[in-house]
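Breakdown of the fold
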Amino acid sequence: MLRLLQLLFNCGWLLLPLMVVGAFIVAVTLERLATLRREPKAALPVVQALHQAHRDGGSGALQAEAEAQGSTVAALVRAVADERDGADVVADLLDDVDRRLDGPLTLLRVVSDLTPLIGCAVSLISFSSINRKLVSVEPRAIQAIYSHALVVTAAALLLALAGRLAVLMLERRRLRAMLALRTVVSETRDLLRPSEVTL
């Protein structure tokens, strides 16, 4: 482990682009986790709470329970309650929520895919200095350049893997949240029959 850290520190400025990419991956992952944490992970607990509130107090209690479940659920329940003549307000709202939950995931995917290329580019820059070293015939210096290039390439591949795993995890969480929200909309429509839409 100590040897690995020493190799990383010896790379110096070559690791700077990868450190920026790594910081970006970590920051986006944490921000997306915080955003997705506010959304329901499963529909069942939310739907049960909405059904119970509707049984206990009708539409008013349903809206109050929706507010307690979070701003997205509340907005969807309000939109379902305000639907008139097949207006696609709820569908538009679900699309907006989906875009908000996706957020910078597309950019994270792109950065993760480009990370190995960044590592290769930095390695090539490192290799370009070999021509100068060959003139002075310094085998240790040439060995150090190869070592730095290998470390940078390996670090880039590890960062790309971490970024793709983060994207997969966040994408699964987003899809679960959207499925839960669509189920909430469907159940709310069943609860709020046309004669009961009085919110």
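Below, the structure is looked at part by part. Starting afresh in each chain, residues are numbered from 1 along the sequence in its written order. Totals for whole chains, interfaces and linings use all residues, but because this is a predicted model, local features are given only for residues with pLDDT of at least 70 and pairs of side-chain atoms are given and counted only at 80 or more. Calculation of side-chain values draws on the structure's entire complement of heavy atoms; hydrogens and water are dropped beforehand.

What about helix α5 (residues 89-102)?
In plain terms, the rule: Here a strand is any run of E in DSSP of at least two residues, a helix any run of H or I of at least four, and the numbering for each starts at the N terminus. Each residue after the first adds 1.5 Å to the expected span of a helix. We call a residue buried when its accessible area falls under 20% of the maximum for its residue type, exposed when it is over 50%, and partly exposed in between, using a 1.4 Å probe and counting protein chains only. Within this analysis, the arc is defined by the directions that extend from the helix axis to the C-beta atoms.
In this model α5 runs 20 Å from its N-terminal to its C-terminal C-alpha over 14 residues, within 8% of the 20 Å that 1.5 Å per residue would give. For α5, the complete set of buried residues consists of Val90, Leu94, Val97, Leu101 and Asp102. On an axial view of α5, the arc spanned by its buried residues comes to 130°, and they lie on one face. Once α5 finishes, Gly103 follows within two positions and takes phi at roughly 45°, a positive value.

Let's talk about the packing of helix α2 (residues 16-37) against α5
Our working definition: To get an axis, fit a line to the C-alpha atoms, keeping to the stretch in contact for a helix; angles then go from 0 to 180 degrees between the N-to-C directions. The contact rule is simple, with two residues in contact once any of their heavy atoms fall within 4.5 Å. Note on residue classes: Ala, Val, Leu, Ile, Met, Phe, Trp, Tyr, Cys and Pro are nonpolar, Asp, Glu, Lys and Arg are charged, and everything else, Gly too, is polar.
At a minimum axis separation of 9 Å, α2 and α5 run at an interaxial angle of 145°. Along its contact with α2, which presents Arg32, Thr35 and Leu36, the element α5 presents Arg100, Leu101 and Asp102. Class assignment of the residues belonging to the contact of α2 with α5 gives a composition of 2 nonpolar, 1 polar and 3 charged.

Digging into the pattern of salt bridges
Definition in use: Any carboxyl oxygen of Asp or Glu that lies within 4 Å of a side-chain nitrogen of Lys or Arg is treated as forming a salt bridge with it.
In total, this model carries 10 salt bridges according to the counting rule given. Residue Arg174 is joined to Asp102 by a salt bridge in which the shortest nitrogen-to-oxygen separation is 3.8 Å. Here Arg174, found in helix α8 (residues 139-191), pairs with Asp102, found in helix α5; they are 72 residues apart in sequence, far enough to count as distant. Residue Arg174 is classed as buried on the basis of its relative accessible area of 8%.

A word on the side chain of Thr72
Note the following rule: Side-chain atoms alone can form a polar contact between residues adjacent in sequence; in general such a contact is a pair of N or O atoms within 3.5 Å, and within protein one must be able to donate a hydrogen while the other accepts it.
Among the secondary structure elements, Thr72 is positioned in helix α4 (residues 71-81). At 3.0 Å, the side chain of Thr72 forms a polar contact with the side chain of Arg100. For Thr72, the residues in contact, after removing those within four places along its chain, are Glu39, Val97, Arg100 and Leu181.

With respect to the nonpolar core
Stated precisely, the cut-off is as follows: Definition used in this section: a nonpolar core is a set of buried Ala, Val, Leu, Ile, Met, Phe, Trp, Tyr and Cys residues joined via side-chain atoms within 4.5 Å.
Core analysis: the largest hydrophobic core is formed by 42 residues, its most contacted members being Leu18, Leu50, Val73, Leu94, Leu108 and Leu181. Put simply, the parts of the chain that give this core at least two residues each are α2, α3 (43-69), α4, α5, α6 (105-128) and α8. Looking at which element gives the most residues to this core, the answer is α8, with 13 residues.

Digging into the side chain of Thr35
Note that Thr35 resides in helix α2. Overall, Thr35 belongs to the buried group, its relative accessible area being 6%. Beyond its immediate stretch of four places on either side in the chain, Thr35 contacts Arg100 and Leu101.

A short note on the environment of Glu31
Here Glu31 lies in helix α2. Here Glu31 falls in the partly exposed class, since its relative accessible area comes to 35%.

A few points about the environment of Ala91
Relative to the elements of secondary structure, Ala91 occurs in helix α5. By relative accessible area, Ala91 is classed as partly exposed at 31%. Note: C-alpha distance between Ala91 and Arg182 (91 residues apart in sequence) is 9.4 Å.

Some details on a nonpolar patch on the surface
This is how it is decided: Exposure above 30% relative accessible area and the absence of a salt bridge qualify a residue for a patch, where like charges join within 9 Å and nonpolar side chains (Val, Leu, Ile, Met, Phe, Trp, Tyr) within 5 Å. All accessible areas in this document rest on Shrake-Rupley with a 1.4 Å probe, and a residue is counted as covered only by the protein chains that are shown.
Among the surface-exposed residues, Val26, Leu30, Leu33 and Met169 lie close enough to one another that they form a single nonpolar patch of about 360 Å² accessible area. With 3 residues, α2 is the single largest residue contributor to the nonpolar patch. Tracing the chain through its elements places Met169 in helix α8. For Met169, a relative accessible area of 41% puts it in the partly exposed group.

Some remarks on a positive patch on the surface
Keep this limit in mind: For the purpose of charge, His is not counted, nor are the chain termini; Lys and Arg are scored as positive and Asp and Glu as negative. Here the site of a charge means atom NZ of a Lys, CZ of an Arg, CG of an Asp or CD of a Glu.
A cluster of basic residues, Arg37, Lys41, Arg172 and Arg176, forms a positive patch on the protein surface. Mapping Arg176 onto the fold places it in helix α8.

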